[in-house]
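This is what each chain is made of:
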Amino acid sequence: PLVREFGIATLDTRHLRCLASPFPASKIISTLQFSTSHPSEDFIDCDFTDFKECGFAETVFVPQADLPTTITESLHIKADTSPDPRTLRNIVIIGHSVKTDLKILQRLGVNVHEVAPVLAILDTDLVARNLLGAKSSPPL
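Below is a short write-up of the structure. (Residues numbered from 1 in each chain as written. Predicted model: local features only at pLDDT ≥ 70, side-chain atom pairs only at ≥ 80, totals over all residues. Heavy atoms only, no water.)

Our focus in this paragraph is the pairing of strand E4 (residues 91–95). Here E4 shows a buried face lined by Ile91, Ile93 and Gly95 and an unburied face lined by Val92 and Ile94. Across five bridges, the pairing between E4 and strand E5 (residues 118–123) is parallel. Considered in E5, the bridge of Val92 is made with Ala120. (Buried < 20%, exposed > 50% of the residue type's maximum accessible area, 1.4 Å probe, protein only. Helix = DSSP H or I, 4+ residues; strand = E, 2+ residues; numbered from the N terminus. Pairing = 2+ DSSP bridges.)

In structure tokens:
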């Protein structure tokens, strides 16, 4: 099946340096939400750039064929400390049952390890199981 939606949240760790005056989460976490569904298919009275479906970000229409490029560009975060403008910042991928998400990305032709320097991949489902016990959430 085709991927119909893609969302990403980015925590910019550069804003965590100043712990004496913490920033509100809305200042250090940015969100993106994309949908490959044409607004007329799934949404009533919506235009291409404001689907109102996602509570955390404005949903932007992306043609299915452009989704791999859109995802790749979303994971490319330029390293402003490098003189080389092609240098990317390290990223950490976090998701709930993230293995499934990574398989979907691979099916789309996006290998996160080739797209950006990935420091770690954290699965919140596994973290919850380790902290709360194996029966805390159903197996996938």
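Strand direction decides the pairing type here: strand E1 (residues 5–11) and strand E2 (residues 29–35), joined by seven bridges, are antiparallel. Bridge pairing in E2 places Ala9 opposite Thr31. Note: E2 against strand E3 (residues 59–61), three bridges, orientation parallel. By the bridge assignment for E3, Ser35 is matched with Phe61.

All right, on to the packing of aromatic side chains then. Here the structure, examined in full by the defined rule, presents one aromatic pair. Plain terms: the ring middles of Phe6 and Phe34 are 6.2 Å apart, the flat faces sit at 10° to each other, and that makes the pair stacked. Taken as a pair, Phe6 in strand E1 and Phe34 in strand E2 lie far apart in primary sequence, 28 residues in all. Assessed through its relative accessible area of 11%, Phe34 is described here as buried. (Phe/Tyr/Trp six-rings, centres within 6.5 Å; stacked < 30°, edge-to-face > 60°.)

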